[in-house]
Amino acid sequence: MQQAPFHVIDSHTEGEPTRVVVSGGPDLGRGPLAERAQRLQHDHDWLRSAVCNEPRGHAAMVGALLCHAYQPDCLCGVIFFNNHSTLNMCIHGTIGLTVTLAHMGKIGVGSHRIDTPVGVVVATLREDHSVEVANVPCYRKAADVPVEVPGWGTVRGDIAWGGNWFFLINGQGPAVEFAHLEALVRFTGAVRHALAAHGITGDDGMEIDHIEVFGPPADPAVADSRNFVLCPGHAYDRSPCGTGTSAKLACLHAAGTLLPGRIWRQAGILDTVFHGTVEELPDGTIIPHVSGRAWVNGEATYIFNPADPFRHGIPTSI
């Protein structure tokens, strides 16, 4: 049976692409988003590949499947994925989804609750069409953790949850500059492999699949630091990475250097900037708030011709 076409809308958030599947995806049921994300990964991985892999996609593409919310007070649900697998959470993708929903005429200025596999986030669309996302609770799991990295010696970093698991490195490895892009990819890839080899994980044995390196900003008047983030699938984040910024905010707060309400300006490798603050709840829980800009830049209908050997994407293992 021929796969029915489906409709996608593209945007980018401070340089990082998001491709929202707005209609035509598989029926994943109406259960919790975490269960539906597993069903997407195990039973319908062709959708991820068709959206993010060549010939339609590329290594940096992040997909978002728009679906019904499980939580009754949410506007919608979303499952994020990339060239490698499903993702726990994606803040730049939530910003992209928000401007996409506005483009579709589904929402206006104001706050909107969105259901995700790791919990509910709140996206606030502003008058200038920037978006602030109140993330799920985030925290630093461990500080100054050493790991032996072949070719680099002992690398130290913090382990933090920002909606994904991060290893945050400050002042080690290649300089965080676009000119050193290839070296940064090699360094962070080596760190990720070393963490796995030494059994260093997040909670419940979850893989630390995002590696984040920090250096000084190009312009201290614009940003407080510049980062480079290697994502699962060996692609780097073109934006300052929203879950990575959340992890950074959690670490700064845990270290006592970022008070609630104070703005942290996080530049990415392209020198675009996210603005972040932390909200501290009465029980001590930290909610990062991350804001940035996104622009809708395309729409398409995907056609699945049964005679096309790559209608579901070119596997990345080829």
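What this report covers is the structure whose coordinates are included nearby. Since we're looking at a predicted model, the values are computed, not measured. All residue numbers refer to positions counted from 1 along the written sequence of the respective chain. Per-residue local features are limited, in this predicted model, to residues with pLDDT of at least 70; the limit for side-chain atom pairs, both in listing and counting, is 80 or more; totals at the level of whole chains, interfaces and linings are taken over all residues. Hydrogens are left out, water is left out, and the side-chain values use all remaining heavy atoms of the structure.

### Points about the overall build of the protein
Each helix is a run of H or I in the DSSP string that is no shorter than four residues. Each strand is a run of E no shorter than two, and both are numbered from the N terminus. In terms of helices and strands, the protein carries five helices and 16 strands. The globule rule is 2.2 Å times the number of residues to the power 0.38, and the radius of gyration it is compared with is taken over C-alpha atoms. Taking 20 Å as the expected radius of gyration for a compact globule of 318 residues, we find that the protein reaches 19 Å, a close match to that expectation. The C-alpha extent of the protein, read off along each of the three principal axes, is 55 × 45 × 35 Å. Roughly 13300 Å² of accessible area belongs to the protein as shown, and the carbon and sulfur atoms make up 52% of that amount. Within this scheme the basic residues Lys and Arg register as positive and the acidic residues Asp and Glu register as negative, but His and the chain ends are omitted. Here the site of a charge means atom NZ of a Lys, CZ of an Arg, CG of an Asp or CD of a Glu. Each charge class in the protein was averaged separately, 21 positive and 32 negative side chains, and the resulting centres sit 2 Å apart. Residue exposure ignores everything except the shown protein chains as possible cover, and the areas themselves are Shrake-Rupley values with a 1.4 Å probe.

### Points about the pairing of strand β11 (residues 165-170)
For β11, the buried fraction is high: five of the six residues fall into the buried class. At least two bridges found by DSSP between two strands are what make those strands a pair. Sheet analysis places strand β10 (residues 153-161) next to β11, joined by four bridges and oriented antiparallel. Each residue of the ladder has a partner; that of Ala160, found in β11, is Phe166. Between β10 and β11, which pair antiparallel one after the other, the connecting turn spans three residues, and Gly163 there sits at a positive phi close to 105°. Pairing between β11 and strand β12 (residues 210-215): five bridges, direction parallel. Counterpart to Leu168 in the pairing with β12 is Glu212. Here the term right-handed applies to a crossover when the path leading from its first strand over the helix to its second strand runs clockwise, the strands being oriented away from the viewer. Taken together, β11, helix α4 (residues 181-197) and β12 constitute a β-α-β crossover, and its handedness is right-handed. The buried label applies to any residue whose accessible area, calculated with a 1.4 Å probe on protein chains only, is under 20% of its type's maximum; exposed applies above 50%, and partly exposed to all values in between.

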